[in-house]
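Structure at a glance
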Amino acid sequence: MDLTSRLRSIVRPASPGGASSQPRELTYEPDTGRYEASIDLDRVADALGGRVVTNGFGRALVVDRRYESDRFHGSRRVGECEVADGDTLRLLDPTLPPNGLIDTGERTLFVDLETTGLSGGAGTVAFLVGCGWFDMGAFQVRQFLLTSYASERALLDAVADCFDAASLLVTYNGKTFDVPVMETRWMFHRMRMPLESVRHFDMLHPARRLWRAREGASDSRLRDGA
């Protein structure tokens, strides 16, 4: 028995009488209609103060929040946190190209995920993709919420559109986890990969160097929920 036949026998085992049932093709089939009917996406969007976007793969839920430049985050105003050029970041990551890091009309995009697991791999799905960027001094946050597995491709396409305008990606442990998770999901659904040529600044590694050097900071590992 070849590998394809063995896999088919697992997907659809032989009947009790010994005769094999009709073989099932081993291709991706989106789980549509099973749970979507029980979820009123427009009602969820209203409850969260979000909106529904429609693309070629279906409908996805998006929630926008804006934090104006004069709003305080801790002891600093939001507008004071914007990075206007790449030289500052190069102090933390010398591998980034000098000057002109942030191009006109493009943006530095901050990204974080909430997922169904921490091990990665094909079974890990991002049910919340959070993106943020500075806009005229304010900080704009856009969250993509997955309400069912059937709408994952619609969400991934909407996220890809948001990533298209990014000239620099900023994450915390994103090189090891967040970006590989997203790329795995895009590959699984045979969708385009918007991050292939985007520069990436992972804050985890310079943060470890900075905090490890401080007196009494003996543990700089990334912890769950950090």
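Shown above is the structure to which this text applies.
Residues numbered from 1 in each chain as written. Predicted model: local features only at pLDDT ≥ 70, side-chain atom pairs only at ≥ 80, totals over all residues. Heavy atoms only, no water.

**Let's talk about the overall build of the protein chain**
- Helix and strand content of the protein chain: six helices and nine strands.
- Surface exposure of the protein chain reaches about 14100 Å², of which carbon and sulfur atoms provide 51%. (Helix = DSSP H or I, 4+ residues; strand = E, 2+ residues; numbered from the N terminus. Areas by Shrake-Rupley, 256 points an atom, 1.4 Å probe, with all protein chains shown as cover.)

**Remarks on the sheet that holds strand S6 (residues 126-135)**
- Pairing in this open sheet of seven strands is mixed, and the strands run S1-S2-S7-S6-S5-S8-S9 from one edge to the other. Edge positions in the sheet fall to strand S1 (51-55) and strand S9 (199-202), since each of these pairs with one other strand and no more. The average angle at which neighbouring strand axes cross in this sheet is 30 degrees, direction not considered.
- Two elements, S1 and strand S2 (residues 58-67), share five bridges in a ladder whose sense is antiparallel. Looking at the pairing, Val 52 lines up with Leu 61 of S2. (Pairing = 2+ DSSP bridges. Axes fitted to C-alpha atoms, helices over the stretch in contact; angles between N-to-C directions.)

**Structural notes on the nonpolar core**
- Membership of the largest hydrophobic core comes to 31 residues, with the highest contact counts inside it found for Leu 109, Val 129, Cys 131, Phe 144 and Trp 186.
- Those elements that place two or more of their residues in this core are S2, strand S5 (107-115), S6, helix H4 (152-163), strand S8 (166-171) and helix H5 (174-188).
- If one sorts the elements of this core by residue count, H4 sits on top with eight residues.
- Residues contacting Trp 186, with those up to four places away along its chain left out, are Leu 156, Val 159, Ala 160, Phe 163, Met 191, Arg 192, Met 193, Pro 194 and Leu 195.
- Judged by nonpolar contacts, the second largest core, of five residues, contains Leu 96, Leu 168, Val 170 and Phe 201. (Core = buried A, V, L, I, M, F, W, Y, C linked by side-chain atoms within 4.5 Å. Buried < 20%, exposed > 50% of the residue type's maximum accessible area, 1.4 Å probe, protein only. Contact = heavy atoms within 4.5 Å.)

**Focus: the layout of surface pockets**
- Approximately 630 Å³ is the volume found for the largest pocket.
- Residue lining of the largest pocket: 18 residues in total, with Tyr 67, His 73, Phe 110, Phe 139 and Val 141 positioned closest to the centre.
- Counting residues per element, the ones that place at least two in the lining of the largest pocket are strand S3 (72-73), S5, S6 and strand S7 (138-145).
- The element that contributes the greatest number of residues to the lining of the largest pocket is S6, accounting for five residues. (1 Å grid on protein atoms, 1.4 Å probe; cavity = no way out; pocket = protein on both sides within 12 Å on 5 of 7 lines; lining within 4 Å. Points joined across faces, edges and corners; volume = space filled by probe spheres on them.)

**Some words on the pattern of salt bridges**
- All chains considered together, the criterion is met by nine salt bridges.
- Close ionic contact of Arg 185 with Glu 152 constitutes a salt bridge, the shortest N to O distance being 2.6 Å. With Arg 185 in helix H5 and Glu 152 in helix H4, this pair connects stretches of sequence that are 33 residues apart. Neither Arg 185 nor Glu 152 differs from the other in exposure class; each is buried.
- Taking the shortest distance from any N to any O, the salt bridge between Arg 192 and Asp 161 comes out at 2.9 Å. Note that Arg 192 is positioned in the loop between H5 and S9 and Asp 161 in helix H4, a separation of 31 residues in sequence.
- Overall, the relative accessible area of 38% leaves Arg 192 in the partly exposed class.
- For Asp 161, a relative accessible area of 45% corresponds to the partly exposed category. (Salt bridge = Lys/Arg side-chain N within 4 Å of Asp/Glu carboxyl O.)

**A short note on the pairing of S9**
- Bridge analysis of S8 against S9 gives four bridges, and the strand direction is parallel. Considered in S9, the bridge of Val 170 is made with Phe 201.
- Crossover S8 to S9 through H5 is right-handed. (Right-handed = clockwise from strand over helix to strand, strands pointing away.)

**Observations concerning H4**
- Between its terminal C-alpha atoms H4 stretches 16 Å, which fits the 16 Å expected from twelve residues at 1.5 Å a residue.
- Burial of H4 is extensive: ten of the twelve residues sit out of reach of the surface.
- Along H4, the residues classified as buried are Glu 152, Ala 154, Leu 155, Leu 156, Asp 157, Ala 158, Val 159, Ala 160, Cys 162 and Phe 163. (Expected span 1.5 Å × (residues − 1).)

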